[in-house]
Amino acid sequence: MKQFLKEAKGHLMTGIGYMLPLIIGASLVVAIPKIIALCMGISSLDPYADGTGFLHILKMIENVGWTGIGLINTVLAGFIAYSIADKPAIGAGFIGGALASSTQAGFLGAVIAAFIAGYTVKWGKEHIHLPESMRNVMPLVILPFLATGSVAIIMGAILADPLAAINGALVNWLRDMSTSGTSQLVMAILLGAMIASDMGGPINKSAWMAGNVLLAEGVFQANVFINCAICIPPLAYAIATVMRKKRFSAAFRETGKGNWVMGFIGITEGAIPFTLVKPQILIPVNMFGGAVGTAICCLLGAKGDIPPVGGIYGFVSITNGWAYLVGILAGALVIAVLSTALVDFNQDTSTVVQDVNVDEIEISFEDIS
Amino acid sequence: MKIVGISACPAGLAHTPMAAKALEKAGMALGHDIKMEQQGSMGQINAITEKEAKEADLVIIASDQKITGMERFAGKKVIRVDINICIKAPEAVIKKCVDAVSKE
């Protein structure tokens, strides 16, 4: 069971990995026409859906972005299925994902459909044995048919209504939580601390994955906070290396330069080399800074009305984008000040011995047939 | 020992190259002949050729993700490891993998 869950998580992450470029591309195509319209003093392009002229063209471009956002479940399910069982499963995965969108079964439905499609194909590959002469029809006809048929029966007929009900209730609950004042602040602080805690480790990734799940459901607020928190730690150490040069070795000052870029495009991992100098102090400092940043971002009213794009430039996709920027900067300054006050970075991490017990490293052999 | 490997993470931006470089550095320090392929957001970087795959004694997959081109390693000893641990303790990972293969 544990092995299965680990495997399932890998497939889910692969699906999300393929979904991300789609979301980023589509969100930017939505955001840019909106910003151009805002510069012209127009808050919504909806009235320009019909007609002619520049604003109509902007609206049409925005719609293309929304088409992309509408494909999130489809692409997610298709590539989860691909991850499980390669080419013969992709089609059924796409169908399951599209079905999940149209039946309101949402993210949950897309993932279940993808697993049905993928594991049906995997089962078929292992258990159906045809004579040599017929073997060619397996991947092209039989497996796709079995997978799509299973998706149709389970997702289309049996689970469509119950999943739509569960998903609807879940999304409403999350949407309420991400819109009402206090619980939104709690969510912001929690996500901020989680993202900044282990920078790309399991805690960070579970917050990030939760954000992606909500994104697929059309709830964008959590991602505003997540994206805000992601920029904070790397930017913080970039600022720190400039602010208090003497506290850093030459190597770290060099690393700090790269962290401007990491902070700008939103890669928390940039802060890892710094944090490793004294993790027992710096991890709490990072978490505190992340939480302060997202709390400020929340209190100043940064809102996700369209899927937010990560990185500092992601402010263009956020309503009240300035609040997002202030949050990032505030959080980064908190870490920059506290970390340099508490820790001396004049040592090199490569000489720091890491106490990882060899027995704790999990490895597993894999059979390639 | 001749080691080849592949690293991959969901976003393919940071962990992928970090793990690949950490393992290469650690592998060389331990006296192995090592080459790491990165499967990140840019597709395959530093790809392992059929020939290199054939000659390898050990294949390390630093990922829980879908890896493309696994058929290259058919019949090889392939080990999966968590990518985070490869960044934190690359030398320990390589030692452990080499031990595991030598024991078989």
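Predicted model only: the values in this text are computed from it and were never measured. (Residues numbered from 1 in each chain as written. Chains lettered and ligands numbered in written order. Predicted model: local features only at pLDDT ≥ 70, side-chain atom pairs only at ≥ 80, totals over all residues.)

**Digging into the overall build of chain A**
Then, number 1: Regarding its fold elements, chain A presents 14 helices and one strand.
Then, number 2: Residues classed as buried in chain A amount to 47% of the 369 residues present.
Then, number 3: Excluding contacts between residues fewer than 6 apart, the proportion of contacts in chain A whose partners are at least 24 apart in sequence is 74%. (Helix = DSSP H or I, 4+ residues; strand = E, 2+ residues; numbered from the N terminus. Buried ≥ 20, exposed ≤ 12 C-beta atoms within 10 Å, placed from the backbone. Contact = placed C-beta atoms within 7 Å.)

**A closer look at the nonpolar core**
Then, number 1: Membership of the largest hydrophobic core comes to 104 residues, with the highest contact counts inside it found for Ala 81, Ala 113 and Phe 225 of chain A.
Then, number 2: For this core, the leading source of residues is helix α10 (residues 221-243) of chain A, giving 15 residues.
Then, number 3: Looking at this core, you find at least three residues from each of domain 1 (2-166) and domain 2 (180-351) of chain A.
Then, number 4: Not counting residues up to four positions away in its chain, the partners in contact with Ala 113 of chain A are Ala 77, Gly 96, Gly 97, Leu 99, Ala 100, Val 151 and Met 155 of chain A.
Then, number 5: In terms of nonpolar packing, the next biggest core, distinct from the first, is built from 33 residues, Ile 3, Leu 23, Val 81 and Cys 97 of chain B among them. (Core = buried A, V, L, I, M, F, W, Y, C linked by C-beta atoms within 7 Å. Domains from an automatic or database assignment.)

**Comments concerning the domain arrangement of chain A**
Reports of interface size often rely on the accessible area that becomes lost once the parts have come together.
Residue and element names in this part refer to chain A.
Then, number 1: When its domains are assigned, chain A resolves into domain 1 (2-166) and domain 2 (180-351).
Then, number 2: Computed from C-alpha atoms alone, the centre-to-centre distance between domain 1 and domain 2 is 30 Å.
Then, number 3: Counting residues at the interface gives 14 residues for domain 1, matched by 11 residues for domain 2.
Then, number 4: Within the residue set of the side of domain 1 that touches domain 2, elements represented by two or more residues are α1 (2-39), α3 (72-85) and α5 (106-127).
Then, number 5: Sorting elements by how many residues they give to the side of domain 1 that touches domain 2 places α1 first, with eight residues.
Then, number 6: Each residue belonging to the side of domain 1 that touches domain 2 can be placed in one class, and the counts come to 11 nonpolar, three polar and no charged. (Nonpolar A, V, L, I, M, F, W, Y, C, P; charged D, E, K, R; others polar.)

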